[in-house]
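The primary structure of each chain is shown beneath.
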Amino acid sequence: MHAKLDLPPLDSVLGSASAVAAGRLAGDGPAGRLPLTADMLREEPSGNLFGLTQNVGMGWSPASLGGPQYVIVSTHGGLRGEDGSPVALGYHTGHWEIGLLVRAAAETLRAAGAIPFAAYCSDPCDGRTQGTTGMFDSLPYRNDAAVVMRRLIRSLPTASGVMGVATCDKGLPATMLALAGCRDLPGVIVPGGVTLPAVGSEDAGTVQSLGARFARDLVSLDYAATMGCRACGSAGGGCQFLGTAATSQVVAEALGLALPHSALAPSGEPAWLELGHRSALALLRLHSLTIPIKRILTQHAVENAMLVHAAFGGSTNLVLHIPAIAHAAGLRPPIVDDWIRVNRATPRLVDALPNGPRGHPTVQVFMAGGVPEVMLHLRRMGLLHGEVLTATGDTLDTTLDWWATSDRRREARARLAAGAAVAPDDVIMGPDAARRAGLTSTVVFPVGNLAPEGAVIKATALDPSVVGDDQVYRHRGPARVFVDERDAIRAVKGATERPIRPGDVIVLIGTGPSGTGMQETAQITTALRYLPWGKQVALLTDGRFSGFSSGACVGHIGPEALHGGPIGRLRDDDLIEIVIDRSTLMGSVDLVGAAGQPLDAAGCAALLAQRSPHAGLAPHPALPADTRLWAALQRVSGGTWAGCVYDVDRIVAALEAGLNLSKEVE
């Protein structure tokens, strides 16, 4: 796949004599004096004093050391030249441009007399790792990055506040987790925005199905090469659809951590470029008003975020991230009953990719009014907690009152109508219009003899043609069981003796936390979305899905197969029945027969009880030791439905119990 480069000569690797001969052996220290006092020398920790020495050592003026200090932590990746061209690539567009936001924020803080510090913990790209072993590090990265970011923030103990700048699937949840865990500081999140759609091209989600479509003779090689090249209409921002990256931005704003009308801004454009400056001013305001994160990130703020998630039709991955954010903030994490209650309260109000019916790109959602526009509808429905504080320092009600009559709202919506010939109210609808358009509630949590601990499906993304007039999706078909995602995608592409056919139920097991780090299976779901018969195929897994996934995809099935889940006892041609009621938000996932023959409930229960796990079921041989440790720690802490967090008290208790038991055995 990659061309081999010429072998560099060894002499150029070993180094030159002239370089060491020309180097200095001493240098002049910074001129001036530190603003020390006798009390500082007597009372301050030595680290605080040495910090001043380090500040001037890096070039800061000794005369400007008295201002408050703020940490800007970001997921910036790559190295850009002065003209923006790549010197070293980032992993994805989502972190490629956010250094511009960091710079703008830092310049604003410095101009106000403060001292900004910038720290970085970059993030991977879930799209880049789809179908590879790189995906085994995706969800564990979120926890590790949050730990690293919190350590970086705490390592500047003189900080007066913190700003987090991030964009994508795991980097932004990690940043929210980090700030939630530093709740005594004022803090602001700056969402990294979205990529512009490219004129005359497929979007960044659709192109991920090119391999499957080519394998099924639906596109030519030339078409695939051209569309794959053109998908990104700008160099920065998260993907153009309402996947996990965009949904995380929406949630950051809905929690009150990000400024109003900041989520989903088009990267590199004026409305995006101003975010660094605006957010820095907001951080200064929060500090002056003595409003720490814990006064913004409250139980009511978490419920607001869940409501906005439902109204947007957001990624099911936030079922993992929102409880984790609540846990980090010391709040009660939402449970399944909370999600059901919230989703019953509101239908989806936003028509965005990948949900449809038209599927507007995220930049159009932003121009239609974004999060504050959706919140206006939710407030009229009597659902929002308007008394919560936001990153502005004011209440949410005050912010929404401003938005309703603001020039910004009027200009954004007018620009969408004039520039894209799209009516804003066709993108973000009121509840009555949404119901008339067939938009239903976002998530359903099916249970059944294959999912006794639960599962999740984004029911709003089911293709309308496979849903009955009673708003119930029903599917009964033969199981096609796979223990390796690579074998499953080959069957979808038709490259196996028994390819996937309409009516099949793909069962992908061993992909939960202990098998693969709970990998995403987006290459399969994306392929099914864009194959003509894909809507006739269902997918069950103990893994998870990309936020771009749509269709009859049931994930997070618990218990995971490697920990005794009945899904791990399925065999090819078992008869599976899936029922999803989009009106009542009830659903079931059941084994209803074997070898193509129906069985009653008792017979299915007996069959599952007596069967051994699938012969091929095992952790993936390439599963990193780091991820094995993550899987064990999050399992002790409550597992997937608790947000895959680290609950230190539960972990310590489990370790102590194990140590005591081992002593008794000895």
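Going by the structure above, here's the rest.
So, how was this worked out
Residues numbered from 1 in each chain as written. Predicted model: local features only at pLDDT ≥ 70, side-chain atom pairs only at ≥ 80, totals over all residues. Heavy atoms only, no water. Axes fitted to C-alpha atoms, helices over the stretch in contact; angles between N-to-C directions. Helix = DSSP H or I, 4+ residues; strand = E, 2+ residues; numbered from the N terminus. Parallel < 35°, antiparallel > 145°, perpendicular 65-115°, else oblique. Left-handed = near helix turned anticlockwise from the far one by under 90°. Contact = heavy atoms within 4.5 Å. Nonpolar A, V, L, I, M, F, W, Y, C, P; charged D, E, K, R; others polar. Buried < 20%, exposed > 50% of the residue type's maximum accessible area, 1.4 Å probe, protein only. Pairing = 2+ DSSP bridges. Core = buried A, V, L, I, M, F, W, Y, C linked by side-chain atoms within 4.5 Å. Salt bridge = Lys/Arg side-chain N within 4 Å of Asp/Glu carboxyl O.

### Some points on the packing of helix α9 (residues 171–180) against helix α16 (residues 318–328)
Here α9 crosses α16 at 20 degrees, and the two axes come no closer than 8 Å. Taken together, the axes of α9 and α16 are roughly parallel relative to one another. Handedness of the crossing formed by α9 with α16: right-handed. Of the residues in α16, those touching α9 at P173, M176, L177 and A180 are H321, A324, I325 and A328. For the contact of α9 with α16, the per-class residue count stands at 7 nonpolar, 1 polar and no charged.

### Some words on the pairing of strand β6 (residues 187–191)
Burial runs high along β6: 5 of the 5 residues are buried. Residues of β6 alternate between two faces, with G187, I189 and P191 on one and V188 and V190 on the opposite face, all of them buried. Both strand β5 (residues 159–166) and β6 contribute to a ladder of 5 bridges, which runs parallel. Bridge pairing links A166 to P191 in β6.

### Side note on the nonpolar core
Burial of nonpolar side chains together is a common tendency in soluble globular proteins. Of all hydrophobic cores here, the largest spans 116 residues; its most connected members are L255, L264, L297 and F312. Setting aside anything within four residues of it in sequence, one finds L264 in contact with G193, V194, A246, Q249, V250, F312, T362, V363, V365 and F366. A552, I578, V589 and L607 belong to the second largest nonpolar core, which has 34 residues in total.

### Some words on the sheet that holds strand β1 (residues 69–74)
Taken together, the 4 strands give an open sheet; going across it, the order is β4-β1-β5-β6, and neighbouring strands pair in parallel fashion. A strand with exactly one partner marks an edge of an open sheet, and here the two such strands are β4 (115–120) and β6. Here the strands of the sheet are splayed against their neighbours by 20 degrees on average, with no regard to which way each runs. Across the sheet, helix α6 (residues 98–111) lies against β1, β4, β5 and β6, angled at about 175 degrees from β1, the strand it touches most.

### Here we look at the pattern of salt bridges
The tally for this structure, following the rule as stated, stands at 24 salt bridges. Across the salt bridge formed by E202 and R213, the nearest N and O atoms sit 2.8 Å from each other. Linking E202 in the loop between β6 and α10 (210–215) with R213 in helix α10, this pair joins segments that are 11 residues apart in sequence. Considered together, E202 and R213 belong to a single accessibility category, that of buried residues. E520 is the salt-bridge partner of R544, the closest N and O atoms lying 3.1 Å from each other. Pair noted here: R544 is in the loop between β11 (538–541) and β12 (553–558) and E520 is in the loop between α25 (513–516) and α26 (522–530), with a separation of 24 residues, a long-range link. For E520, a relative accessible area of 1% corresponds to the buried category. Sharing partners across several salt bridges, the network here consists of D126, K170, E520 and R544.

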